[in-house]
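Spelled out, the chains give:
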Amino acid sequence: MNTATPTRDTQALSLQVTGMSCASCVARVERTLKKLPGVHDASVNLATERAAVTADRGVAAAVLADAVRRAGFGVAVTDTTLQVAGMSCASCSGRVERALAKLPGVLSASVNLATEKATVQALSTVSTQALVAAIEKAGYGARPDSAPAPAAAAWPDWAPVAASSVLTLPLVAPMLAALAGRDLMLPGLWQLVLASLVQFVFGARFYRAGWKALRAGSGNMDLLVALGTSAAWGLSSWLLLRHGSAHGMPHLYYEASAAVITLVLLGKWLEARAKRQTSAAIRALQALRPATARVRRDGVDQDVPVDAVRLGDLVVVRPGERVPVDGEVVAGNSHLDESLITGESLPVARGPGERATGGAVNAEGLLLVKTLAVGTETTLARIIRLVESAQAGKAPIQRLVDRVSAVFVPVVLGIAALTFAGWLLAGAGVEAALIDAVAVLVIACPCALGLATPTAIMAGTGVAARHGILIRDAEALETAHALQIVAFDKTGTLTEGRPALVALEPAPGVDAAELLRAAAALQQASEHPLARALLARAAADSLALPPVDGARALAGRGVEGRVDGAALVLGSTRLMDELGVAPGALAPAAAGHQAAGRSVSWLARRRAEGGAELLGLFAFGDTIKPSAREAVARLKAAGLRTVMLSGDNRGSAEAVAAALGIDEVHAEVLPGDKAAVVQALKAGGRCVAMVGDGLNDAPALAAADVGIAMSTGTDVAMETAGITLMRGDPRLVADAIEVSRRTRAKIRQGLFWAFVYNVVGIPLAAFGLLSPVVAGAAMAASSVSVVANALLLRRWHPRGPR
């Protein structure tokens, strides 16, 4: 038992330890924990696999977890996403983060103002209820992201803005009429009634949120608005009480308090609408998931909820329907529209043996699909998780914004107090001094600062996902803009990754078509990659293949059989040497192909009298992807250096590099050495991206500043990379970098204008050059303009046809 009792200066932490098997394990974990500075006591229970620790409040849960892992055991950790209500600016999101980080057992917490979500990593012993309670104690509402949303209000979200505008208009209209020489000023009591309704009914949200912030020991935008408008309303009410409601009394400032609240409400409404548009990509992806699937069981088709579909089930997909699961087509032929999943603009042909991706639209044929993945393991579900993860994360530049936001409200309150005191000392009078102080409070708004980065990230990752580029986290998106070198794996990335017949050389007097026909006929029963290449070329040339008799594989050397009565042998140079067949006139061609790294096979015909005569040779190579040349050209035009890594021989690698215009080649690189080459490329602080698709590319992808994986490759490569390309098109690499650069530009523009609004606006208000009404309009405009500017990213499209 833990004998130490937590005090005000200590905390009790509980860890779920995995991997313990006996009492000695328990003792080792206890010793490890007790050795840590600040730990007073540790007790481990083998039965429950829990470690109870009493430590100083400065001891972080992550330190305890790392110590247990170093001792050779595991620590159970959970990731929780919470929906946070009531945040209005960057100060709010910062306060929620701090409240969560202080909770014992929390390893990390990140709050996104744009998505209004908190992502928390904590020890598994920390309950969701504890996280919710910490947020509520900080003055905000919270619920698990999976929990149903609260019922919508009976009125539309624009109703408060409209009602507040109707009540404010009679207060503001006389100001406009005065410019035309007409006096339409309402009696003071009417102004009091209208302004009070706006102030205390439609402005009540600012009081509630501001009071919660004060109670939590900090401030936010709501507090600034509440203080500023209350000061204008209070001054007007004092003047009304002092002078009575007679017409011609001194000017009242009710229109300022009412107009500011109305403008802020309008700005928040516009901001909310814009934020909903930034998350349109997620909603579009979620809409691709059908609710039901038509499953064929025991020969009968029945509609079942898509969650009830099991692995191996046969799913019937009719024309016009969406494919409900990931699977393999077992019957039928059609075209699938996968544009919202892969970004491929044209429908792709699908037939037996080919994959069908859940969410794709079946065009014209009836398909029978065998289920290979359901639920959270489908491609669509993984895409949604990746995009949500990127949109919930924080870019490195946001750390600066968070530091500024933490001190923003106290600094503004100080400037407002100095403004009031300064004007009083200058002899301006209480009214003028208070109005200028109100203008300072109203124009200062940390909202734009808090929204600049996350809205740009959301818009950038959303538009990228629509075009087949999945960005795992905000850091990868921000880092990609600074890339200087892009390193490519060759096979499967720049090339097709499978051999193709690139040349056939008939011996003198032999017809080329007959040479191909004979060789392809000999390979009809073979599954060898080179055999498939020959058969594909014969099919493309529409050659009718005769039957083969007595086909027999010659282990490691080739194949033999009889075609049209002739005994044929197809195989390697070694096989020809064994048969005593000389290359003759084809020797130079063979040497050229081998120097280029191509595989050479020979076809010979056995003579009845013994020996064999050469009929010709075939050269096989991995063909370059049609889009690879354009991809490399675009990267070089963007100022990036291109590098190719390959395990192939130098001749083959340099031939591909020369054809594509790649700057630097590393050939004959072992799979384990690719990461070392990437590290060498990073020397001198250069920013390097690695593009690959295979299992052996995973270490290099992890070593690069930005790993970019082709989804046509292995899952390991995709899990390691920061960016995943949903099509095997190298041009998407340039597109991903372009999206990153544009997103970074939008972040910088948003932060620039957010700072400008405050750096320019606050001094203008302090020197009496802005009225509270104009200040309120400027403050509302700052947030709306920053979000609207980020939304321009949604117009981005990849270059050229796809």
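Because the structure is a prediction, the values reported are computed rather than measured.

Engineer: I would appreciate a short explanation of the sheet that holds strand β25 (residues 612-624) in the present structure.
Structural biologist: Strand pairing in a sheet takes place through backbone hydrogen bonds and is either antiparallel or parallel in direction. The strand order across the open sheet built from 6 strands is β20-β25-β24-β23-β22-β21, with neighbouring strands paired in antiparallel fashion. Each end of this open sheet is capped by a strand with a single partner; those strands are β20 (495-506) and β21 (548-554). In this sheet, adjacent strand axes meet at a mean angle of 20 degrees when their direction is disregarded. Where β21 meets strand β22 (residues 558-563), 5 bridges bridge the pair, whose relative direction is antiparallel. Considered in β22, the bridge of Val548 is made with Val563.

Engineer: Just to check I follow, could you spell out helix α22 (residues 650-660) for this structure?
Structural biologist: One turn of the α-helix equals 3.6 residues, which is why residues spaced by three or four share an orientation. Buried within α22 are the following residues: Ser652, Ala653, Val656, Ala657 and Leu660. Down the axis of α22, the sector holding all buried residues measures 130 degrees, keeping them to one side. In this fold, the buried residues of α22 make contact with β20, α20 (587-595), β25, α21 (628-637), β26 (641-645) and β27 (664-666). Count one or two residues on from α22 and you reach Gly661, which has phi positive near 80 degrees.

Engineer: Please explain the packing of helix α6 (residues 188-202) against helix α7 (residues 204-215) as it appears in this structure.
Structural biologist: Think of two packed helices as two axes; the pair is described by the angle between the axes and how far apart they sit. Where α6 meets α7, the closest approach of the two axes is 4 Å, and the angle between their N-to-C directions is 45 degrees. It follows from the interaxial angle that α6 and α7 lie oblique. Contacts between α6 and α7 involve Gln199, Phe200, Val201 and Phe202 from the first element and Ala204, Arg205 and Tyr207 from the second.

Engineer: Teacher, can you tell me more about the UniProt feature "domain: HMA" (unreviewed entry) in the protein chain here?
Structural biologist: UniProt's entry tags residues 11-76 and 78-143 with the feature "domain: HMA" (unreviewed entry), counted in the numbering of this structure. Helix makes up 33% of residues 11-76 and strand makes up 36%, while its end C-alpha atoms are separated by 20 Å. As a span, residues 78-143 carries 33% helix and 38% strand, and end to end its C-alpha atoms are 16 Å apart.

Engineer: Sorry, what's going on with the packing of α7 against helix α8 (residues 221-243) here?
Structural biologist: Here α7 crosses α8 at 120 degrees, and the two axes come no closer than 8 Å. What the angle tells us is that α7 and α8 run oblique. In this structure, α7 meets α8 at a crossing whose hand is left-handed. Here α7 contributes Phe206, Tyr207, Ala209, Gly210 and Leu214 to the contact with α8, which in turn contributes Met221, Asp222, Leu223, Val225, Ala226 and Ser230. Here the contact of α7 with α8 is composed, by residue class, of 8 nonpolar, 2 polar and 1 charged.

Engineer: Explain the UniProt feature "transmembrane region" (unreviewed entry) in the protein chain to me, please; I cannot follow it from the model alone.
Structural biologist: As annotated in UniProt, the feature "transmembrane region" (unreviewed entry) corresponds to residues 158-177, 189-207, 219-240, 252-270, 404-426, 432-452, 750-767 and 773-793 in the numbering used here. Span residues 219-240 is 91% helix and 0% strand, its end C-alpha atoms 31 Å apart. Taken end to end, residues 773-793 is 90% helix and 0% strand, and its first and last C-alpha atoms sit 31 Å apart.

Engineer: Teacher, can you tell me more about a nonpolar patch on the surface here?
Structural biologist: Taken together, the side chains of Phe755, Val759, Val760, Leu764, Phe767 and Leu769 make up a nonpolar region of the molecular surface, amounting to roughly 580 Å² of accessible area. Note on placement: Phe755 falls in helix α26 (residues 731-766). Taking relative accessible area as the criterion, Phe755 reaches 30% and is therefore assigned partly exposed.

Engineer: Just to check I follow, could you spell out the pattern of salt bridges for this structure?
Structural biologist: It is possible for side chains bearing opposite charge to pair when their charged atoms get close. Summed over all chains, the structure comprises 24 salt bridges. As a salt-bridge pair, Arg731 and Glu630 come within 3.3 Å of each other at their nearest N and O atoms. On the criterion of sequence distance, the pair formed by Arg731 in helix α26 and Glu630 in helix α21 is long-range, its members being 101 residues apart. Here the salt bridges do not stand alone but share partners, grouping Arg634, Asp735, Glu738 and Arg742 into one network.

Engineer: Help me out: how do you make sense of the environment of Gln16 in this one?
Structural biologist: One can find Gln16 in strand β1 (residues 10-18). Residue class for Gln16 comes out buried when judged on its relative accessible area of 18%. Each C-alpha atom of the pair Gln16 and Asn45 lies 9.8 Å from the other, and the pair is 29 residues apart in sequence. Discounting chain neighbours no more than four positions away, the residues touching Gln16 are Thr48, Glu49, Arg50, Gly74, Val75, Ala76, Ser124 and Thr125. In terms of polar contacts, Gln16 uses its side chain to reach the backbone carbonyl oxygen of Glu49, at 3.5 Å.

Conventions we followed
- Residues numbered from 1 in each chain as written.
- Predicted model: local features only at pLDDT ≥ 70, side-chain atom pairs only at ≥ 80, totals over all residues.
- Heavy atoms only, no water.
- Pairing = 2+ DSSP bridges.
- Helix = DSSP H or I, 4+ residues; strand = E, 2+ residues; numbered from the N terminus.
- Axes fitted to C-alpha atoms, helices over the stretch in contact; angles between N-to-C directions.
- Buried < 20%, exposed > 50% of the residue type's maximum accessible area, 1.4 Å probe, protein only.
- Arc of directions from axis to C-beta.
- Contact = heavy atoms within 4.5 Å.
- Parallel < 35°, antiparallel > 145°, perpendicular 65-115°, else oblique.
- UniProt positions renumbered as here; feature names shortened; annotations may be inferred.
- Left-handed = near helix turned anticlockwise from the far one by under 90°.
- Nonpolar A, V, L, I, M, F, W, Y, C, P; charged D, E, K, R; others polar.
- Patch = residues over 30% accessible without salt bridge, like charges linked within 9 Å, V, L, I, M, F, W, Y side chains within 5 Å.
- Areas by Shrake-Rupley, 256 points an atom, 1.4 Å probe, with all protein chains shown as cover.
- Salt bridge = Lys/Arg side-chain N within 4 Å of Asp/Glu carboxyl O.
- Polar contact = N/O pair within 3.5 Å; in protein donor to acceptor, adjacent residues only side chain to side chain.

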